[in-house]
Amino acid sequence: MIWIRGNDLSETNKRAVLNMFVHRMTVENVKARPEHAAWMYEGGYRMPIVSDSEWLASKAFPVTKRGTISERHKYCVSAEDGEIRNNA
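Okay, so let's go over this structure. All chains use their own residue numbering, which begins from 1 and follows the written sequence. In view of the model being predicted, local features appear only for residues whose pLDDT reaches at least 70, and side-chain atom pairs are presented and counted only at 80 or more, with totals across whole chains, interfaces and linings using the full set of residues. With hydrogens and water stripped out, all remaining heavy atoms of the structure feed into the side-chain values.

Brief notes about a nonpolar patch on the surface
Where nonpolar side chains cluster on the molecular surface, the patch consists of Val27, Tyr41 and Ile49 and spans about 220 Å² of accessible area. Only DSSP runs of H or I covering at least 4 residues are called helices, and only runs of E covering at least 2 are called strands; the numbering of each starts at the N terminus. Assignment of secondary structure puts tyrosine 41 in helix α3 (residues 34-42). Patch membership is restricted to residues that have no salt bridge and whose relative accessible area is over 30%. Joining uses 9 Å for like charges and 5 Å for the nonpolar side chains Val, Leu, Ile, Met, Phe, Trp and Tyr. Using the Shrake-Rupley algorithm and a 1.4 Å probe, accessible areas are obtained, with residue cover drawn only from the displayed protein chains. One side-chain nitrogen of Lys or Arg within 4 Å of one carboxyl oxygen of Asp or Glu is enough to make a salt bridge.

Structural data, given as structure tokens:
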């Protein structure tokens, strides 16, 4: 398993992580899930709202040897942490 920056994932894997990580505070997600955003704000949670593209670029996700997002891992990490491979 390797960690790959979100903006370097395949389009299929990008869609998979956007569907997996529904608690992200992005412009697109707030529009798609306004009830979730309201719940987060009521709880005092504040975070700068960025685009999905910016969010993907700032995170890294676990990818299996088969090239799919690891379903065993339930988290992503900052793209600045650890060994990150770029698909260049």
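Past the structure itself, the notes keep going.
Some words on the nonpolar core
In this text, buried Ala, Val, Leu, Ile, Met, Phe, Trp, Tyr and Cys residues form a nonpolar core when linked through side-chain atoms within 4.5 Å. The cut-offs for exposure are 20% and 50% of the maximum accessible area for each residue type, with area from a 1.4 Å probe on protein chains only; residues under the lower value are buried, those over the upper are exposed, and the others partly exposed. Counting residues in each nonpolar core, the largest one holds 10 residues, listed as Ile4, Leu9, Val17, Leu18, Phe21, Trp55, Leu56, Phe61, Val63 and Ile69. Sorting the residues of this core by element identifies α1 (11-20), α4 (52-58) and β2 (59-63) as the ones contributing at least two each. With residues near it in sequence (within four places) discarded, phenylalanine 61 still touches Ile2, Trp3, Ile4, Gly6, Leu9, Val17, Phe21, Trp55, Leu56, Ile69 and Cys76. The contact rule is simple, with two residues in contact once any of their heavy atoms fall within 4.5 Å.

Re the side chain of histidine 73
Within the fold, histidine 73 resides in the loop between β2 and β3 (77-78). On the basis of relative accessibility, which here comes to 14%, the residue histidine 73 falls in the buried class. Distance and chemistry together define a polar contact, namely a pair of N or O atoms within 3.5 Å, with one atom able to donate a hydrogen and the other to accept it when in protein, and with adjacent residues in sequence counting only for side-chain atoms on both sides. Within the structure, histidine 73 has its side chain in polar contact with the side chain of serine 70 (distance 2.9 Å). Ignoring any residue separated from it by four or fewer positions in sequence, one finds histidine 73 in contact with Met1, Trp3 and Pro62.

With respect to the packing of aromatic side chains
Any pair of Phe, Tyr and Trp rings, taking the six-membered ring for Trp, is counted once the centres come within 6.5 Å. Such a pair is stacked with planes under 30 degrees apart, edge-to-face with planes over 60 apart, and tilted for the rest. Per the stated rule, a full pass over the model turns up 4 aromatic pairs. A ring pair is formed by tryptophan 55 and phenylalanine 61, whose centres lie 5.7 Å apart and whose planes are at 55°; its orientation type is tilted. Neither tryptophan 55 nor phenylalanine 61 differs from the other in exposure class; each is buried. Counting as a charge over the ring demands two things of the Lys NZ or Arg CZ atom: a distance within 6 Å of the ring centre and an angle within 35 degrees of the ring normal. Against the face of tryptophan 55 rests arginine 24, its NZ or CZ located 5.7 Å from the ring centre.

Any link to function would need more than the numbers given here.
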